[in-house]
Every structure is written in structure tokens, then in C-alpha cells.
Amino acid sequence: MCDKTSLPLTAAHWGVYRTEVFEGQLRALHPFEHDPQPSAIGQGYLGVIDDSLRIREPMVRKAWLDKQAGANRRRGDDTFVAVSWQEAEQLVAEELQRLSRKFGNQSIYGGSYGWSAAGRFHHAQSQLHRFLNSIGGYTRSVNTYSLAAGEVILSRILGSSQFIHTPPAWQTLIEQTELLVAFGGMPLRNAQISSGGTGRHRAREALMQARQAGVSFVNVSPMRSDVASELGAQWLMARPGSDVAIMLGLAHEILRNNWHDSAFIKHNTHGFDEFAAYLTGKTDGVAKSAAWAANIARIPANEIEQLAKRMAESRTIISVSWSMTRQEHGEQPFWMATTLAAMLGQIGLPGGGIAYGYCAANSIGNERENVNYAALPQLVNPIRDFIPVSRISDMLLNPGEQFRYDGQTLTFPDIRLIYWAGGNPFHHHQDLTRLREAWRKPETIIVHEWCWNASAKHADIVLPCTTPLERDDLMITPRDRYIVKMNAAIPAVGNSRDDYEIFRGISRHLGVEDVFTEGRSSSQWLEWIYQQSRSLAKKTGIDLPSYRELCQKGWHETPFPEPISDVFSAFRQDPQAAPLDTPSGKIEIRCDAIASYASADLLPHPAWYEPEEWLGKATEQLPFHLISSQPADKLHSQLDHGPISRSLKRNKRTPIWIHSCDAKRLGIADGDTVRVHNNRGACLATASYDDERLPGVVQMSTGAWLDAIEQADGTLLCRHGNPNTVTRDYATSEIAQGPTAHSCLVAIEPHDAKTPVEAFTPPRIV
Ligand SMILES: Nc1nc2c(c(=O)[nH]1)N[C@H]1C(S)=C(S)[C@@H](COP(=O)(O)OP(=O)(O)OC[C@H]3O[C@@H](n4cnc5c(=O)[nH]c(N)nc54)[C@H](O)[C@@H]3O)O[C@H]1N2
Ligand SMILES: Nc1nc2c(c(=O)[nH]1)N[C@H]1C(S)=C(S)[C@@H](COP(=O)(O)OP(=O)(O)OC[C@H]3O[C@@H](n4cnc5c(=O)[nH]c(N)nc54)[C@H](O)[C@@H]3O)O[C@H]1N2
Ligand SMILES: [Mo]
């Protein structure tokens, strides 16, 4: 075999690879030679690029095409008809025209949340939003499933959600930090990916260097595996949902012993006294002491006391995982962690302060300059309607109803058409029984996909798109130091098209082709994006090679920043001269805005609220807390049908990790099939013993393609193991309206192992 470094490059969220093709077939993906810790996720492509699940022609659902009565009820369980591109474009154009004329463009939901692929130009949502804006706009969505509650609360208390992406950099942590306390851990499985592409996996190497440099770690989590075993972390095995209580217990101990930094609190924060009155129990008669917290978290009080002392004595970083925002009152963990870090007074000191989610992505902690690279312009959306992203079922089921979001009163629009490209709502949304019901409301649903997953099966019109392996693109993202010219490895499979070409075709039928394309071909857009990015980089003092040079070499590495500065250091030194973008210019421990708009049961400072679903309220009927966290073997539902993901299933289903004592009490052996259920639905899974966890806490990874059948009570049972059949579709609070997948109680019982799995069966096609 020839020198692999001469093979063409491609890039994905989970890494950069060199592609090897033999007789037109993808034969191998070789990890990028500059990546010390390549991810196996990419190997998931092998064998599925042109398998039986690949969508090769435009498809229209039969009952919808025939305008049958009750056609919408058959979404997700219907036959498809293959049509030509000409027919498909015409159908889409006519539906967009008909419904926007009758109900206005706000009746088109184009939020289209999802990770799609990594290339900067062929980013499906950017393409869709630009297209919809060229025909008068759409109802959009705001915030993410990842950490909506974190984004909104940080905008309020620090003035920007961008602080999520600027924690103390790894190198500073290695050189300066003494103690890293990680609430929700820092699972390296999640650091395999980074939105927009990953040139070099850095998290493991950085953490190992930190360990060698003498940094101590504490893992506050129901699961030991949330911090890599090599780091020798102290483990506080806390109940899920109890983190804010633990942080309050730590704060109480710090205040009681006078270990807090009064100068920092005075100069750099707003409203501490009101919070302190809550902390000590002056306002509600309950002191949030270590003993109080220990009782909630079910960990020893002296461990909280000792940790408080260590945190006050050491150069300490508090890391809070994004998972804690995806639970009831998910705003509070980030608010309280920021308050605790402010009390320690190390925010803005090198190697101290706060990090919002080390290892939630490879980019968190990566040393790099903040360059704002260019992207495909979105044009202007004249429609004002929007929803917080996870309120989709609420919107579809309750048109015209009012709801509250961060101080605004908004109204759900009446959606008649859904257009989705680059996301899988039947993977990502909670309570899929409810989503399926809501999904029946719109008249038309259009999806761009390359494989027959549940969202494609639930559409009326499916337009087959290419994968990144079939197109040229650019990996260029502010979150990674590598820039990669991606090259198509193989031609488009079947009659699939790039999302750009699909929209070009439809826009031609609507008379807006020039608006959509501005006369540029794909390759002209690539060069345009690069040239714009090059000018932007220049302004930050970074010289990028010419486009020709980049194409010749294939990749470019931007310099490691020296020195590395902490985003809070100027603010720390002089908050008057370098204020935060909050009303007080300071860290808002008390938030006056929230105080003015929130209902009486929400306090104006961080607080602990007992969740409705957590172990504290477990019953005989619902004894387990289910954590449905990110999968190690894939990105969400992407490549679930590929060889890497399939190899980690057991008996073709998602493993559910359970303490052996819990399982044995139920008569469940390792490897048995179980039914995980509550009143929202059920899924099958394969019991897998793991005793390095808090008993009562079970865990399933997300990402199994939905394989749903209806149970007697009308709720869905997924035979493959999609946990969103049982999670709750409930908002964090009126502050952010974020999703709460991690607050979920379930029951588990043995089930017939022979129940078939049909997730990877394509629909009937005529
Ligand atoms: N229970 C539970 N649910 C969760 C979570 C949880 O922790 N627990 N986590 C949530 C989080 S944080 C997130 S971010 C979401 C993720 O949810 P999603 O981002 O919706 O999940 P993906 O599987 O990445 O979906 C991307 C889709 O885009 C398609 N695609 C890839 N490339 C292209 C392309 O070039 N063009 C087009 N048109 N399509 C393409 C893929 O085939 C795939 O179907 O899930 C959320 N759901
Ligand atoms: N391989 C891979 N990596 C990914 C993704 C993927 O799909 N695959 N998805 C990416 C995306 S979109 C996102 S948003 C990030 C998400 O990153 P995170 O939100 O950090 O991910 P999770 O895996 O949901 O949760 C991390 C850990 O939090 C712990 N946890 C859950 N609830 C609690 C709690 O109440 N208290 C405490 N102390 N711990 C708790 C769980 O044990 C879990 O292992 O991951 C990204 N990384
Ligand atoms: Mo996410």
C-alpha cells in the first residue's frame, strides 16, 4: 500500500480521516496522522454507505400522495413510492406555496435541530434556513437540546452563553490547577466529538498530563466511569439531581468558616447577601448545611466538609457537566456552580474558577484563538415566531396557546408544514409517544436524509441526500486548530444529491434560484467561505495559507496560542474597566431580571428545588432513576446501523447498565432481555451488570433507531432500546424551557428475548 498520507482527506465531528477507495467502493478510513487519539466512530461508515438502508431515490409516502382519509395517522407505518427528482421538486414547491399562501410562512416549522455533518458549507441546517429565508421565512427554534438551560442562565448571570466555550485552557490547567472538582464527571467518551470537526483529540492527553503534573480530581456522579480510572479521582457517589444541594452544602461550609473571598464577592458579584440569607436559612428557616446536603445526596456530610476545605485551600476549578442542565430546574446547577466559584474567588486566576463541561466535547478546554470563521449566509428571516427547541410537541399539539420563556410571553404558531434536514427528532426528543401524536398534526412533512431512520420513515416526502464522503467541503471551525479541505471519496450513491443541489432544484420551481445560489456553484461557495474566513482570521492576527495552498496540502494547523489568557482575568482585575454584559456589569448571584419576571415559586438566586422524578420520589412501581446519556460508539443516532455501533449491542438491543444487586432482586441475569417502562411508554434492552454505580441508578445510551410498536394502552414500545420512549417531555422551568431527559423514573421487568428487532428494516417501497 502506498503512503497513506497522500490519500484524500475527509472530516467528521468525530475526527479527520484519509479515505481509501478500491474500484469505486470505500475500503478504509485511516485516522489522520496528526491525531494521537483517533476515534473509532468513523469506522461506522464501512458497509453502510450503500447498503439496503441507503435512500437512493426521492420517496413519497403512499397514503399522503393518494390523499387518503386519515393519511397522517399512518406516518411512521406506511409504504413509500419512488418518484423522479422533477416530480419531487414540484411536489415540495407546490406544498410550500399552497401552505404559505393559506397560513403564512409562520406555518412552516424549519427549526430542523440536529448535528448533521461537519463540513462548513454542506451544513444541512444552514442550507435549509437559507432556502426558507429565500421564500419568506419560517418558524425557528432557539437554544439546544445539549444545554438550553445553561445557555439561558449564563446569558442572564454572566451576560453571554459563550463562556461555555472558554473554560480555563488545558495547558493552564496542567500548569496551575491543584484540584478539579467535576460535577457529572468528565466522560472521555463524549470528548470524541466536537461540532464542526475534530482535527486532534486533545482531552485524554491533556488530562493525563494534568494527572502527571499533580492535579487531583474529584468525581461527583452516580457513576464511577464518569472520570477515567487513570486519573485516580475521589468518587462522591451522589444521587442524580442532588448536585445543587451538594454545592449549597459546600458553600455553607465555606461561608461558616469564613473561607470565602469577600473582596471578590464585593467587587465582582451582585446580590450575594440575599443568597447568603437563603444559604444560612435566614429566609426559610433551613440552613443549607453539609448535613442537610448529605441527606439529599446520600453521601457522608464529612466528605462535603472536607471537600469544602480542600477547595478553599487549593487552586480549584469546578467543572459542571452539561447533563445536569438536561434535568428539572436545569438552570440551577450552572447558576449555583458559578456562585460557588465566585465565593472561592478564583474566577479569572490562572487555573482556577469554573468550566462549563470539560469533555462534553473535545473543543472544551482546547487551546485556540477565538476566530469567527465565515459560514454560508442565512439571509433574513422576516418571521418573528420561534420556540425554545424542545417545546416542539407542545407547539404542534397546542397552536395558539401562550407560554413563558425567559420573561417573554409567546404564542405557539399553527404549524402546517415541517421541513427537516440534518436532525433526527425521533432520536432526540423526549416522550416519543407524545411526539408521534403531535407529528400527526401538520399537513406535510419533508425530510432530507441519507438512510432510512425513524425520522425518514415518519416523513411524507423524503429527499435522499449525500454523505460527506460523497462531496467536497471544508472543515473550518473556531473550535479546532485544524482546517481541512475535504474531498469526495466516492460519487453520490444512487440518485442522491447534496442538500445544496436539492434546494437549488426546488428554488428553481419557486423562481428564487438566483436568490438561493447568488449564482455560485458548490465549489465557488467553498472558495468564497475560505476567502472570507481568511480575512477574518487576519484580523485576529492569524495568517492562513491561500486557497490553492490549502487544497494542495489538504490541511493547515493554526498556531497554539501563547500566552493563553483567561477570559475573566481583566474582569477580575478591574470590573469597572472590563465589566460583564449584565445589568450590574458583575456576576449576578441575584438576577434582578429573573426576580422581576418569574412566578413566585422561582427564587431570584440559585436554589435547590426537589425534582418530581428522582430517587427521592422513587416508589415500588417506579424504583429506578434512568440516565440516558451519550453513546460511546457513535454520535447520537448517526451510524447506529454501522458495524461499530452494532458490535456493542447485546442480542441486537441497547444494553441497560444496572447494579447486580438491583438486577438479582428482580431475578434478572446479565444478558437477559428486559422491558424498561413507565406510564409514558417502554423499550426493550439487554441487562448488563455494572457495580461501579449507585444502586437504583440505571443507564442506557441514546441513539438506538426507534423500532416502535403500539402497546395495549396506546403508548409506544421500542423493541430496539430507544430510551426516549420513557423520558419525560417537560421543561426545565419558565426561564429556559429546556429539555429534561435525565429526570426520569422507570420500572424494569424480564421480557421475552425472542421479540424481534426491526429498526434496520427499510419501509415497503412500491
Ligand atoms: N434521552 C435523551 N435524549 C437526548 C439526549 C440525552 O442526553 N438523553 N441528548 C440530546 C442532545 S444533547 C442532542 S444534541 C440531541 C441530538 O439529536 P440529533 O442531532 O438530531 O441526532 P443525530 O443522530 O446526530 O441526527 C443527525 C441526523 O442528520 C443526518 N445527516 C447527517 N449528515 C447529513 C447531511 O449532510 N444532510 C442531511 N440532510 N442529513 C444529514 C443523520 O443521518 C442523522 O439522522 O439529542 C438529544 N436527545
Ligand atoms: N461519543 C459521543 N460523544 C458525544 C455525543 C455522542 O452522541 N457520542 N454527544 C455530544 C453532545 S451533542 C453533547 S450535548 C455532549 C453531552 O455531554 P454531557 O451532557 O456531559 O453527556 P451525558 O453523557 O448525557 O452525561 C454525562 C454524565 O453525567 C452524569 N449525570 C447524569 N445526571 C447527573 C446528575 O444529576 N448528577 C451528576 N453529578 N451526574 C449526572 C452521567 O453519569 C453521565 O455519564 O456530549 C457530546 N459528546
Ligand atoms: Mo447535544
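Residues numbered from 1 in each chain as written. Chains lettered and ligands numbered in written order. Predicted model: local features only at pLDDT ≥ 70, side-chain atom pairs only at ≥ 80, totals over all residues. Heavy atoms only, no water.

## Examining the overall build of the chain
- The helix and strand tally for the chain stands at 24 helices and 31 strands.
- What you see for the chain is a C-alpha radius of gyration of 26 Å, in line with the 27 Å of a compact globule of 766 residues.
- When its C-alpha atoms are laid out on the principal axes, the chain stretches across 75 × 65 × 55 Å.
- Expressed as a percentage of the 766 residues in the chain, the buried residues total 64%.
- A separation of at least 24 residues holds for 75% of the contacts in the chain among residues at least 6 apart in sequence.
- Here the chain displays about 27000 Å² of accessible surface, and carbon together with sulfur accounts for 48% of that area. (Helix = DSSP H or I, 4+ residues; strand = E, 2+ residues; numbered from the N terminus. Rg over C-alpha atoms; globule rule 2.2 N^0.38 Å. Buried < 20%, exposed > 50% of the residue type's maximum accessible area, 1.4 Å probe, protein only. Contact = heavy atoms within 4.5 Å. Areas by Shrake-Rupley, 256 points an atom, 1.4 Å probe, with all protein chains shown as cover.)

## A few points about the environment of Glu89
- With respect to the secondary-structure elements, Glu89 resides in helix α2 (residues 85-103).
- In sequence terms Glu89 and Leu463 are 374 residues apart; their C-alpha atoms lie 9.1 Å from each other.
- Each residue touching Glu89, except ones within four places of it in the same chain, is listed here: Arg497, Gly505, Ile506 and His509.
- For Glu89, the side chain forms a polar contact with the side chain of His509, separated by 3.0 Å. (Polar contact = N/O pair within 3.5 Å; in protein donor to acceptor, adjacent residues only side chain to side chain.)

## Some words on the nonpolar core
- By size, the foremost hydrophobic cluster in this structure holds 220 residues, and its most contacted members are Leu96, Tyr419 and Ile506.
- Here Ile506 is in contact with Glu89, Val92, Ala93, Leu96, Phe131, Tyr419 and Leu463, once residues within four sequence places are set aside.
- Counting residues in hydrophobic clusters, the runner-up holds nine residues, among them Ala11, Phe32, Met475 and Val484. (Core = buried A, V, L, I, M, F, W, Y, C linked by side-chain atoms within 4.5 Å.)

## Quick notes on the sheet that holds strand β6 (residues 108-109)
- The strand order across the open sheet formed by six strands is β5-β4-β19-β18-β17-β6, and the pairing between neighbours is mixed. Two strands bound the open sheet, and with one partner strand each, they are β5 (80-82) and β6.
- In the packing of helix α3 (residues 124-134) onto the sheet, the strands contacted are β6 and β17 (417-421), and the crossing angle to β17 comes to about 145 degrees. (Pairing = 2+ DSSP bridges. Axes fitted to C-alpha atoms, helices over the stretch in contact; angles between N-to-C directions.)

## Concerning the site of ligand 1
- Near ligand 1 lie 34 residues; those nearest to it are His428, Glu449, Arg471, Ser637 and Asn724.
- A distance of 3.0 Å is found between an oxygen atom of ligand 1 and a side-chain nitrogen or oxygen belonging to Arg326.
- Contacts to ligand 1 include Asp499, whose side-chain N or O atom sits 2.8 Å from a nitrogen atom.
- For ligand 1, the protein covers 98% of the area, taking 920 Å² as the surface of the free molecule.
- Listing elements by their share of the shell around ligand 1, those giving two or more residues are α14 (425-428) and β18 (444-449).
- For the shell around ligand 1, the residue count by class is nine nonpolar, 21 polar and four charged. (Near = heavy atom within 4 Å. Nonpolar A, V, L, I, M, F, W, Y, C, P; charged D, E, K, R; others polar.)

## Some points on helix α17 (residues 499-509)
- Of all eleven residues making up α17, eight are buried, and the element is well covered by its neighbours.
- The complete set of buried residues in α17 reads Asp499, Tyr500, Ile502, Phe503, Arg504, Gly505, Ile506 and Ser507.

## Overview of the state of the cysteines
- Applying the stated rule across the entire model yields zero disulfides.
- For Cys683, which is in no disulfide, the shortest distance to another cysteine sulfur is to Cys718 and amounts to 6.4 Å.
- A relative accessible area of 0% means that Cys683 is categorised as buried. (Disulfide = S-S within 2.5 Å.)

## Points about the site of ligand 2
- Not every one of the 32 residues close to ligand 2 is listed here, only the nearest: Asp226, Asp243, Ser323, Arg326 and Gln327.
- Between ligand 2 and Gln192, the relevant distance is 3.4 Å, taken from a nitrogen atom to a side-chain nitrogen or oxygen of the residue.
- In this structure, a nitrogen atom belonging to ligand 2 sits 2.8 Å away from a main-chain N or O atom of Lys634.
- Protein chains shield 98% of the accessible area of ligand 2, which is 910 Å² for the free molecule.
- Tallied by class, the residues present in the shell around ligand 2 amount to 14 nonpolar, 13 polar and five charged.
- Composition of the shell around ligand 2 by domain shows at least three residues from each of domain 3 (167-368) and domain 4 (617-750). (Domains from an automatic or database assignment.)

## Section: unusual backbone geometry
- The amide bond that connects Glu562 to the next residue, Pro563, takes the cis arrangement and shows omega of -10 degrees.
- As for its position among the elements, Pro563 is in the loop between β22 (555-557) and α21 (569-573).
- Located in the positive-phi region is Asn143, a residue other than glycine, with phi close to 65 degrees.
- By relative accessible area, which is 24% here, Asn143 ends up partly exposed.

## Regarding the domain arrangement of the chain
- Here the domain parsing of the chain yields domain 1 (4-45), domain 2 (59-144 + 373-514), domain 3 (167-368) and domain 4 (617-750).
- Here the C-alpha centroids of domain 1 and domain 2 sit 29 Å apart.
- Listed as interface residues are 16 residues of domain 1 and, on the opposing side, 15 residues of domain 2.
- Across the domain 1/domain 2 interface, buried area totals approximately 1300 Å², and carbon plus sulfur atoms make up 73% of it.
- Three residues stand out in domain 1 for area buried against domain 2, namely Ala11, His13 and Tyr45, and they jointly supply 41% of the buried area on that side.
- Across the domain 1-domain 2 interface, the total number found is zero salt bridges.
- Where domain 1 meets domain 2, there are three residue pairs in polar contact (both at pLDDT 80 or more).
- For the side of domain 1 that touches domain 2, the secondary structure elements donating two or more residues are β1 (9-12), β2 (15-22) and β3 (25-31).
- The leading source of residues in the side of domain 1 that touches domain 2 is β1, at four residues.
- Taken together, the residues that form the side of domain 1 that touches domain 2 break down as ten nonpolar, six polar and no charged. (Buried area = accessible area lost by both parts, 1.4 Å probe. Salt bridge = Lys/Arg side-chain N within 4 Å of Asp/Glu carboxyl O.)

## Description of the sheet that holds β22
- The sheet built from three strands is open, its strands ordered β20-β21-β22 with antiparallel pairing. Pairing within the sheet leaves two strands with one partner each, and these edge strands are β20 (473-475) and β22. The average undirected angle you get between the axes of adjacent strands in this sheet is 10 degrees.
- Pairing analysis gives three bridges linking β20 to strand β21 (residues 482-486), with the strands arranged antiparallel.

## A short note on helix α9 (residues 272-280)
- For α9, the set of buried residues is Phe272, Phe275, Ala276, Ala277, Tyr278 and Leu279.
- Structurally, α9 contributes buried residues whose contacts are with α7 (243-256), α8 (262-268), β11 (269-270) and α12 (332-344).
- Downstream of α9 by one or two residues, Gly281 has phi in the positive range, about 90 degrees.

## A closer look at the pattern of salt bridges
- Within this structure, the stated rule accounts for 49 salt bridges.
- Of the charged contacts, one joins Arg75 and Asp460 as a salt bridge, the two residues approaching to 2.7 Å between their closest N and O atoms. Of this pair, Arg75 sits in the loop between α1 (62-65) and β5 while Asp460 sits in the loop between α16 (454-457) and β19 (461-464), and the two are 385 residues apart along the sequence. Of the two residues, Arg75 and Asp460, neither departs from the other in class, the shared state being buried.
- Here Asp406 and Arg156 are joined by a salt bridge, their closest N and O atoms 3.0 Å apart. Of this pair, Asp406 sits in the loop between β15 (402-405) and β16 (408-411) while Arg156 sits in helix α4 (residues 148-157); the two residues are 250 residues apart in sequence, bridging distant segments of the chain.
- When its relative accessible area of 15% is taken as the criterion, Asp406 is described as buried.
- Exposure remark for Arg156: the relative accessible area of 24% places this residue in the partly exposed category.
- One continuous salt-bridge network, built from bridges that share partners, spans Arg61, Arg74, Arg75, Asp78 and Asp460.

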